[in-house]
Amino acid sequence: MNSRQQPRWTQTWLGGVRSAGVDLGHPGERLGLPAEGSGSVAGFGRRAGALMIDWLICTWAITQGLLRIDPVQQSWVPIAVLALEYVLLVGTMGMTFGMRLLGIRVAALDGGRPPFVSVLVRTLLLCMAVPPLIWDRDQRGLHDRAANTVVVRM
């Protein structure tokens, strides 16, 4: 094998084990989820988009529009509204408004709706902002791992 066929050492170091030629399978394979289509692990773009939609709804429509509270003066209110939205909607329907618009839902590892305690744990960690930014190879954040949930496509 000549040097043009082998990856540069920086590509293997920066790109992780996949760029070094190690096959880890598709995200969710260890969980028994399909590679694509309904039931597959939702990607970062859909998840981030759904969170943005939910944040805008909670900040503008509910906090400013409905409650008439200035989120600049009382910055804790939008996050409390977001937490309440997640607990109520994910706890009852398995998805928020943003998730529904982008075609994703939160599921327990067995595929069903997550139990209420898992929804509470997931929501609390999601509101801390750091756990969702640390992912495993199945694209599950620390909040999903702690709650034994996964975000899948509908």
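The residue numbers shown here count from 1 along each chain, following its written sequence. Side-chain atom pairs in this predicted model are given and counted only at pLDDT of 80 or more, local residue features only at pLDDT of at least 70, and totals for whole chains, interfaces and linings cover all residues. To obtain the side-chain values, all non-hydrogen atoms of the structure were used and water was disregarded.

Chemist: How should I be thinking about the side chain of Thr-123 in this particular structure?
Modeler: What counts as a helix is a DSSP run of H or I of at least four residues, what counts as a strand is a run of E of at least two, and both are numbered from the N terminus. Checked against the element boundaries, Thr-123 lands in helix 5 (residues 116-127). Only protein chains enter the area calculation, which uses a 1.4 Å probe; residues under 20% of their type maximum are buried, those over 50% are exposed, and those in between are partly exposed. The class for Thr-123 is buried, based on a relative accessible area of 4%. Setting aside its immediate chain neighbours within four residues, Thr-123 contacts Ala-83, Tyr-86 and Val-87. In this description, contact between two residues means that some pair of their heavy atoms is separated by no more than 4.5 Å.

Chemist: So what exactly am I meant to see when it comes to the environment of Gly-98 here?
Modeler: In this structure, Gly-98 sits in helix 4 (residues 97-102). Residue Gly-98 is classed as buried on the basis of its relative accessible area, which comes to 0%. Spatially, the C-alpha atoms of Gly-98 and Arg-46 are 9.2 Å apart, while their sequence positions differ by 52 residues. The contacts of Gly-98, once residues within four sequence positions are left out, are Ala-50, Ile-53 and Asp-54.

Chemist: Help me out: how do you make sense of the packing of aromatic side chains in this one?
Modeler: Each aromatic ring pair is described using two quantities: the centre-to-centre distance and the angle formed by the ring planes. Each aromatic pair joins two rings of Phe, Tyr and Trp (for Trp, the six-membered one) with centres within 6.5 Å, and gets the label stacked for planes under 30 degrees apart, edge-to-face for over 60, and tilted for any other angle. Going through the model one piece at a time under the given rule, you end up with 1 aromatic pair. Summarising the aromatic geometry, the rings of Phe-44 and Trp-135 are spaced 5.4 Å apart at their centres and angled 55 degrees between planes, so their arrangement reads as tilted. Placement of Phe-44 in helix 2 (residues 44-66) and of Trp-135 in the loop between helix 5 and helix 6 (142-147) is noted, with a sequence separation of 91 residues between them. Phe-44 sits in the exposed class, given a relative accessible area of 53%. Whether a charge sits over a ring comes down to the Lys NZ or Arg CZ being within 6 Å of the ring centre and within 35 degrees of the ring normal. Above the face of the Trp-135 ring, Arg-47 is positioned so that its terminal group lies 5.4 Å from the ring centre.

Chemist: Explanation requested: the pattern of salt bridges in the structure shown.
Modeler: Close approach of charged atoms allows side chains with opposite charge to pair. A pairing counts as a salt bridge when a side-chain nitrogen of Lys or Arg comes within 4 Å of a carboxyl oxygen of Asp or Glu. Using the criterion set out here, one finds 5 salt bridges in the structure. Between Arg-122 and Asp-144 there is a salt bridge; the shortest N-O distance is 2.7 Å. On the criterion of sequence distance, the pair formed by Arg-122 in helix 5 and Asp-144 in helix 6 is long-range, its members being 22 residues apart. Here the salt bridges share partners, and the residues they tie into one network are Arg-30, Asp-136, Asp-138 and Arg-145.

Chemist: Even after reading the chapter, I still don't get the nonpolar core, so can you show me in this structure?
Modeler: One broad trend across soluble globular proteins is that nonpolar side chains are buried collectively. Ranked by size, the top nonpolar core spans 15 residues in total, and within it Tyr-86, Val-90, Met-99, Ile-104, Val-106 and Val-151 carry the most contacts. Within the residue set of this core, elements represented by two or more residues are helix 2, helix 3 (76-92), strand 1 (104-108) and helix 5. In terms of residue count, helix 3 provides more of this core than any other element does, 5 residues in total. As used in this record, nonpolar core signifies buried Ala, Val, Leu, Ile, Met, Phe, Trp, Tyr and Cys residues forming a set joined through side-chain atoms within 4.5 Å. Ranked by size, the runner-up nonpolar core spans 5 residues in total, among them Leu-33, Ala-107, Val-150 and Val-152.

Chemist: Explain a nonpolar patch on the surface here, please?
Modeler: Together, Val-130, Leu-133, Ile-134 and Leu-142 line one region of the surface with nonpolar side chains, adding up to about 380 Å² of accessible area. Mapping Leu-142 onto the fold places it in helix 6. What goes into a patch is any residue over 30% in relative accessible area without a salt bridge, connected to like charges within 9 Å or, for nonpolar side chains (Val, Leu, Ile, Met, Phe, Trp, Tyr), within 5 Å. Residue burial considers only the protein chains on display, and all accessible areas are found by Shrake-Rupley using a 1.4 Å probe.

Chemist: Before we go on, may I ask you to explain the environment of Gly-37 in this structure?
Modeler: The residue Gly-37 is located in the loop between helix 1 (9-15) and helix 2 in this model. Judged by its relative accessible area of 30%, Gly-37 is partly exposed. For the pair formed by Gly-37 and Met-154, sequence separation is 117 residues and the distance between their alpha carbons is 7.9 Å.

Chemist: Could you clarify how one ought to interpret the environment of Ile-53 in this entry?
Modeler: Within the element layout of this structure, Ile-53 appears in helix 2. Here Ile-53 falls in the partly exposed class, since its relative accessible area comes to 24%. Residues Ile-53 and Met-99, spaced 46 residues apart in sequence, show a C-alpha to C-alpha distance of 8.4 Å. Residue contacts for Ile-53: discarding those within four places in its chain leaves Gly-98, Leu-101 and Leu-102.

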